[in-house]
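Listed below are the residues making up each chain.
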Amino acid sequence: MDKHLEDKFYEIACDEVIKKNMSKSAWGRAFSESKGDIQLASALYIEIRVGQLRRDHEEETQRRIEERIRREQIEERIRREQEARRQEEEKRQDPEAIVRQCPKDGSRYNKSFEVCLYCGTRLTRI
Ligand SMILES: [Zn+2]
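These notes cover the structure that comes with them. The structure presented is a predicted model; accordingly, all values stated were derived computationally and were not measured.

Reading the values: rules and limits
- Residues numbered from 1 in each chain as written.
- Predicted model: local features only at pLDDT ≥ 70, side-chain atom pairs only at ≥ 80, totals over all residues.
- Pairing = 2+ DSSP bridges.
- Helix = DSSP H or I, 4+ residues; strand = E, 2+ residues; numbered from the N terminus.
- Buried ≥ 20, exposed ≤ 12 C-beta atoms within 10 Å, placed from the backbone.
- Arc of directions from axis to C-beta.

### A look at the sheet that holds strand S1 (residues 98-101)
Thinking step 1. Reading across from one edge, S2-S1-S3 is the order of the 3 strands in this open sheet, with antiparallel pairing throughout. The two strands at the open ends of the sheet, each matched to only one other strand, are strand S2 (108-110) and strand S3 (124-125).
Thinking step 2. Where S1 lies against S3, 2 bridges are found, and the strand directions are antiparallel. What sits directly across from Arg-100, in S3, is Arg-125.

### A few points about helix H2 (residues 24-33)
Thinking step 1. Buried within H2 are the following residues: Ala-26, Trp-27 and Ala-30. The arc that holds every buried residue of H2, seen down its axis, measures 95 degrees, which confines them to one face. Set apart from the buried face of H2 by more than 90 degrees, the exposed residues are Lys-24, Ser-25 and Ser-32.
Thinking step 2. Just downstream of H2, Lys-35 is the residue with a positive phi angle, here 55 degrees.

Everything listed is a geometric property; what it means functionally is a separate question.
Structure follows, in structure tokens:
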């Protein structure tokens, strides 16, 4: 766990105690475990609350990672579908159709060519 983040969590928990704006679940546990001793409850609250904040943060981080993976999978599927459609479209086209071009000298070729006959540069799709 990031040290700054840990400090931040203690700061948040401490602030909540000072402003008497405690998380009910954490305060309830702290108060119960301290048998009503407010001083002890406040100290316990901070430990419990920092633990809560840490867990929430870890869950949020995990959730973001999973969401990013899911989004990347969707994007990858869309890319594959588009590529399949493009290839399908090219197959339907006339095999003699001019579909490639040399990026250096602009000479044009049909799909049977991969590189430029003049300069050997890899052809790009047009
Ligand atoms: Zn060329």
